[in-house]
Amino acid sequence: QVQLVESGGGLVQAGGSLRLSCAASTSIFGINSMGWYRQAPGKQRELVAGITSGGSINYADSVEGRFTISRDNAKNMVYLHLQMNSLKPEDTAVYYCNAVSTWGINSWGQGTQVTVSS
């Protein structure tokens with residue numbers, strides 16, 4: 001299982017920006033895909049943005065054009081980022097980093113709270 005540590009959440013006013021980061025303790029060769037999910041109170045966890053090992057990216061319709069996912073690779077670490085611009089109150093949620101290994105094992109970070117005030 002891949003260890004994932006998130007950082008960068010916080011409180012921001014509507015229209016502001018935040019950048020989330022996730023440090024994954026694995027080589028990129030051990031990863032099939034990574035992504036950011038979020039879960040708001042009373043709602044199901046949903047995919048926000050994902051990136052495959054080949055670099056293909058997809059976004060939820062609700063964040064397309066406002067959020068940007070990116071990835072940096074190091075020798076035995078992978079860093080996943082989520083740049084969030086033009087934030088809206090409805091973006092408020094706990095954001096989770098996810099990684100699926102080449103063995104198909106799903107790993108989750110501990111989550112980081114993002115709160116957008118109106």
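In case you missed it, the structure is sitting above this.
This one's a predicted model, so the numbers in the text were calculated from it and none came from an experiment. (Residues numbered from 1 in each chain as written. Predicted model: local features only at pLDDT ≥ 70, side-chain atom pairs only at ≥ 80, totals over all residues. Heavy atoms only, no water.)

## So, the overall build of the chain
Of regular secondary structure, the chain possesses 0 helices and 11 strands. Each helix and strand of the chain, placed in order from N terminus to C terminus, yields the pattern β-β-β-β-β-β-β-β-β-β-β. The C-alpha radius of gyration of the chain comes to 14 Å, within 12% of the 13 Å expected for a compact globule of 118 residues. Judged by the C-alpha coordinates and their principal axes, the chain covers about 40 × 25 × 20 Å. Buried residues in the chain amount to 42% of all 118 residues. (Helix = DSSP H or I, 4+ residues; strand = E, 2+ residues; numbered from the N terminus. Rg over C-alpha atoms; globule rule 2.2 N^0.38 Å. Buried < 20%, exposed > 50% of the residue type's maximum accessible area, 1.4 Å probe, protein only.)

## Some points on the packing of aromatic side chains
In this description, an aromatic ring pair is defined by two values, namely the gap between the centres and the angle between the planes. Taken as a whole, this structure holds 2 aromatic pairs when the rule is applied. Taken together, a centroid distance of 5.0 Å and an interplanar angle of 70° make the contact between Tyr37 and Trp108 edge-to-face. Taken together, the residues span a long stretch of sequence, with Tyr37 in strand E4 (residues 31–39) and Trp108 in strand E10 (residues 106–108) at a distance of 71 residues. Judged by its relative accessible area of 22%, Tyr37 is partly exposed. (Phe/Tyr/Trp six-rings, centres within 6.5 Å; stacked < 30°, edge-to-face > 60°.)

## Observations regarding the nonpolar core
Counting 31 residues, the largest nonpolar core has Met34, Trp36, Leu82, Met84 and Tyr95 as its most contacted members. At the level of secondary structure, the elements contributing two or more residues to this core comprise strand E3 (18–24), E4, strand E5 (46–52), strand E7 (67–73), strand E8 (78–84), strand E9 (93–101) and strand E11 (112–117). Setting aside chain neighbours within four positions, we find Met34 in contact with Leu4, Ala24, Gly50, Ile51, Val78, Leu80, Cys97, Asn98 and Ala99. (Core = buried A, V, L, I, M, F, W, Y, C linked by side-chain atoms within 4.5 Å. Contact = heavy atoms within 4.5 Å.)

## Points about the state of the cysteines
Taken as a whole, this structure holds 1 disulfide when the rule is applied. One disulfide bridge connects Cys22 with Cys97, the sulfur atoms lying 2.2 Å from each other. Sign of the S-S torsion, about -80° for the bond between Cys22 and Cys97, identifies this disulfide as left-handed. One end of the pair, Cys22, is in strand E3; the other, Cys97, is in strand E9, and 75 residues separate them in sequence. Take Cys22 and Cys97: they sit in the same class, and that class is buried. (Disulfide = S-S within 2.5 Å.)

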